[in-house]
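Results of the structural survey
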Amino acid sequence: MSPLPENTLIGMCNPLLDIQTTVEKSFLDKWGLKENDAILCDDKHNDMFTELTKDFTVEYIPGGAAQNSLRVAQWILNSPNRTVFFGAVGKDQYGELLATKAKEAGVNVQYQINETVKTGTCAALINGTHRSLCAHLAAANTFTQDHLQKEENQKIIEQAKYFYVTGFFITVCPPAIIQLATHSAEFNKTFTLNLSAPFISQFFFDKLSEIIPLVDVLFGNEDEAAAFANAHGWETTCVKEIALKAAALPKKSTKPRLVVFTQGPEPVVVVEGDKVTEYPVTRLPKEEIVDTNGAGDAFVGGFLSQFIQGKGIEASVACGSYAAQEIIKKHGCTVPSVCKYH
Ligand code: AP5
Ligand code: NA
């Protein structure tokens, strides 16, 4: 294998095809979904997916949180294969579509392919300015650690300097996360994690807590921060206070932990060690907002595109905000063909 580009970023998460459509509140009620949430579907939602594809005009958009972020990072970096993605898909049309879209964006996808289970999907249900996500992980849920042990993937891991894993992946394969994070700590690399959704802190807190000591950079939004605080029993909903406490949690390496919490149009809160900084966001005028689906993922993609080049926090946040705004102006987590970021 040829050497990877310098400072390669590895992402690991669930590769999902988003099935996006607009629905009435009554549809959400019928399937027990909240207006603004991200959950895993259960058996009762199987019929919902059938109904969506039968009775609604739907758009199929490549999704999966970390894969979105890597596509955005590639768009900004504008040089192929700066990022590598691990996750599991089925041997089917959806899996092929996801791979094609990721490769077109310049992401080096290294999927584990499951011959018997279908590629995962995520219903992205837009209702006014809200969106409800209901993920059917399917093949994504069958990822196993031995995919990382393959010789070609071992080489990729050895050469990479940065890792980005989503909290979503904690429901799938914690041993694979621990493997990457431990490797990162051992070789003084950088391991980054996203809190991803409140349900991760609510229902997978033990697993999350095993990973936190290995995390160098922690991402999340204000709802995820609140759920994380609640799971710790911290009696506060102040994002700054939660970020400070999260940064101060025990850590394996001596590198100070960086915590980056977004709050929609409100300032981005960054804690480095014990220092808090707020970075204001330029509000987009209402008429330019198409949907915020993928804003958080795009922020991370933009942030990491600069961070892996050693650009510093201010430049990383600025690029994160730029990327998020570009995505907000389009449907789903899609980018314009040309990147004007310098
Ligand atoms: P989704 O949760 O929609 O994406 P997201 O990127 O997290 O978008 P949010 O709208 O939730 O943003 P946020 O709250 O994180 O960020 P914030 O608003 O703070 O999910 C998208 C993907 O998740 C889908 O593709 C799906 O496949 C995937 N997914 C679902 N379940 C999954 C699972 N189990 N496993 C794997 N994948 C799964 O905003 C961030 C930044 O945006 C701000 O800091 C700011 O810079 C900017 N911004 C936001 N609002 C404004 C505004 N009004 N004006 C200007 N800038 C703004
Ligand atoms: Na969007």
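Here the structure is a predicted model, which is why all the values come from computation and not from measurement.

Cut-offs used in this document
Residues numbered from 1 in each chain as written. Chains lettered and ligands numbered in written order. Predicted model: local features only at pLDDT ≥ 70, side-chain atom pairs only at ≥ 80, totals over all residues. Heavy atoms only, no water. UniProt positions renumbered as here; feature names shortened; annotations may be inferred. Helix = DSSP H or I, 4+ residues; strand = E, 2+ residues; numbered from the N terminus. Buried < 20%, exposed > 50% of the residue type's maximum accessible area, 1.4 Å probe, protein only. Contact = heavy atoms within 4.5 Å. Polar contact = N/O pair within 3.5 Å; in protein donor to acceptor, adjacent residues only side chain to side chain. Pairing = 2+ DSSP bridges. Axes fitted to C-alpha atoms, helices over the stretch in contact; angles between N-to-C directions.

Turning our eyes to something else, we now look at the UniProt feature "active site" (unreviewed entry) in the chain. Taken from the UniProt record, the annotation "active site" (unreviewed entry) applies to Asp297. Structurally, the position occupied by Asp297 is in helix H12 (residues 295-307). On the basis of relative accessibility, which here comes to 16%, the residue Asp297 falls in the buried class. If near-sequence neighbours (up to four positions away) are discounted, Asp297 is found in contact with Ala65, Asn68 and Ser69. Among the polar contacts made by the side chain of Asp297, one reaches the side chain of Asn68 at a distance of 3.0 Å.

This next bit is on the sheet that holds strand E1 (residues 9-12). In spatial order, the strands read E6-E5-E1-E9-E10-E11-E12-E13-E14; together these nine strands make up an open sheet with mixed pairing. Of all the strands in the sheet, the pair left with one neighbour each is strand E6 (108-114) and strand E14 (275-279). When the angles between neighbouring strand axes are averaged without regard to direction, this sheet yields 15°. Note that strand E13 (residues 266-272) and E14 share five bridges and pair antiparallel.

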